[in-house]
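Chain by chain, the residues:
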Amino acid sequence: MKRGAWIASIAAAMSFAGAAHAVVDGPVDGGVHLQAAATEIMREITAFHDFLLWIIVAISVFVLALLLWVIIRYNRRANPTPKKFTHNLFVEVVWTIVPVLILVVIAAQSFPLIFKQERIPEAELTLKATGNSWFWNFEYPDQGVTIAANLLPEEDARAQGRPYLLATTEPLLVPVGTTVRVLVTSNDVIHAFAVPAFGVKEDAIQGRVNETWFNVEREGVFYGQCSELCGVNHAYMPIEIHAVSRAEWEQWIVSRGGALASNEPDAAGAASEGEPATEQPAAPAATPTR
Ligand SMILES: [Cu+2]
């Protein structure tokens, strides 16, 4: 890579989330930063990542400067007769208090973000993602639509100009500007439903229903992958999500034989609160769709 390109990449990596750059969804060749955010949560994760990066850079530079100072100023030639003291109260207090303060500052940014991720807002739509060895089932239980998304074979991906190992045979559609609650489970081993641009990563565990959520801000094609080592074809169970307008999504639901009845966001939310077992009968329902 040319020197200029390196500098540009590093500058991009260290830029704050608000910095203007062309939005390219999905992973890109030579990309060094996080994928372009498509949800508010991911924008905040990106900003937090950049904030931490600056703290790490400052600490690394400071420690390097201390090392250089000791190497140059206190080597045997420059300082032939070293002092013999072993304690310095002031320095010891400083190197205890300052790291604690740094951690407090980090925690003050980190905890609100974790709470925001974990607290699912009033959902307008429920999506169920079920991991299988090795493909995903997606279901809109309130609309009665189920799809099975397999890896798009390499020759088809090349022919269609879609990214091999990320494109699927059956892309999932979600409406933009809609809070989608995602129920994540598995039919066999542990998988993980992860979409970097949404800031979402949730374990898919057999016999258990985990919950997460996203609200996509813009239309686009977003990719994710199973993110839990789940066996020999772990790398071949991608996730492809198309964020589209509400009208286009409704059209798609109808074309898949679904019903656009009003959904009741609170029924499933209350049930999953304390008793995951009550959700269990829903899991096998996804199986016969294959
Ligand atoms: Cu998996």
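Here's what I pulled together on the structure shown here. The shown structure was predicted, so the numbers you read here are calculated from the model rather than taken from an experiment.

## A word on the coordination of the copper ion
- At the metal site, the copper ion is ligated by His191 (ND1), Cys226 (SG), Cys230 (SG) and Met237 (SD), and these contacts range over 2.0 to 2.6 Å.
- Seen from the copper ion, its 4 donor atoms lie at angles of 92 to 127°, and the figure they make is tetrahedral.
- Sequence spacing of the donor residues for the copper ion, all on one chain, is H-x34-C-x3-C-x6-M. Of the two residues, His191 sits in strand β6 (residues 191-195) while Cys226 sits in strand β9 (residues 220-226), which places them 35 residues apart along the sequence. Here His191 matches Cys226 in class, with each residue buried.

## Points about the sheet that holds strand β8 (residues 210-214)
- Here 5 strands make up an open sheet; going across it, the order is β3-β2-β1-β5-β8 and the pairing mixed. This sheet does not close on itself; its edge strands, each paired only once, are β3 (145-149) and β8. With direction set aside, neighbouring strand axes in the sheet form an average angle of 25°.
- As defined by bridge partners, strand β2 (residues 135-140) adjoins β3 across 5 bridges and the pair is classed as antiparallel.

## Things to note about the sheet that holds strand β7 (residues 200-204)
- Taken in spatial order, the 5 strands make up an open sheet running β4-β10-β9-β6-β7, and their pairing is mixed. If you trace the sheet from one side to the other, it starts and ends with β4 (172-175) and β7, each paired once. The mean angle between the axes of side-by-side strands here comes to 25°, regardless of whether they run parallel or antiparallel.
- Note: β9 against strand β10 (residues 238-244), 6 bridges, orientation antiparallel. Across the sheet, Tyr223 pairs through a bridge with Glu240, a residue of β10.
- Where helix α5 (residues 246-255) meets the sheet, its contacts fall on β4 and β10, and the angle it forms with β4 comes to roughly 140°.

## A word on the pairing of β10
- Counting buried residues in β10 gives 6 out of 7 residues, a clear majority hidden from the surface.
- Two strands pair when backbone bridges link them, and β4 and β10 are joined in this way by 4 bridges, in the parallel orientation. Residue Pro175 lies in a different strand from β10, and its bridge partner there is Val244.

## Quick look at the packing of aromatic side chains
- This structure, assessed with the given rule, holds 10 aromatic pairs.
- Between Tyr140 and Trp252 the ring centres are 6.1 Å apart and the planes differ by 85°, which places this aromatic pair in the edge-to-face class. Within this pair, whereas Tyr140 is found in strand β2, its partner Trp252 is found in helix α5, the two being separated by 112 residues in sequence.
- A network of ring pairs unites the aromatic residues Trp136, Phe138 and Phe193 as a single cluster.
- Taking NZ or CZ as reference, Arg73 lies 4.9 Å from the ring centre of Tyr74, over its face.

What counts as what
- Residues numbered from 1 in each chain as written.
- Predicted model: local features only at pLDDT ≥ 70, side-chain atom pairs only at ≥ 80, totals over all residues.
- Heavy atoms only, no water.
- Donors = N, O, S within 2.8 Å, 3.2 Å for Na, K, Ca; no water.
- Tetrahedral: all angles 85-135°; square planar, octahedral: opposite > 155°, others 65-115°.
- Helix = DSSP H or I, 4+ residues; strand = E, 2+ residues; numbered from the N terminus.
- Buried < 20%, exposed > 50% of the residue type's maximum accessible area, 1.4 Å probe, protein only.
- Pairing = 2+ DSSP bridges.
- Axes fitted to C-alpha atoms, helices over the stretch in contact; angles between N-to-C directions.
- Contact = heavy atoms within 4.5 Å.
- Phe/Tyr/Trp six-rings, centres within 6.5 Å; stacked < 30°, edge-to-face > 60°.
- Lys NZ or Arg CZ within 6 Å of the ring centre and 35° of its normal.

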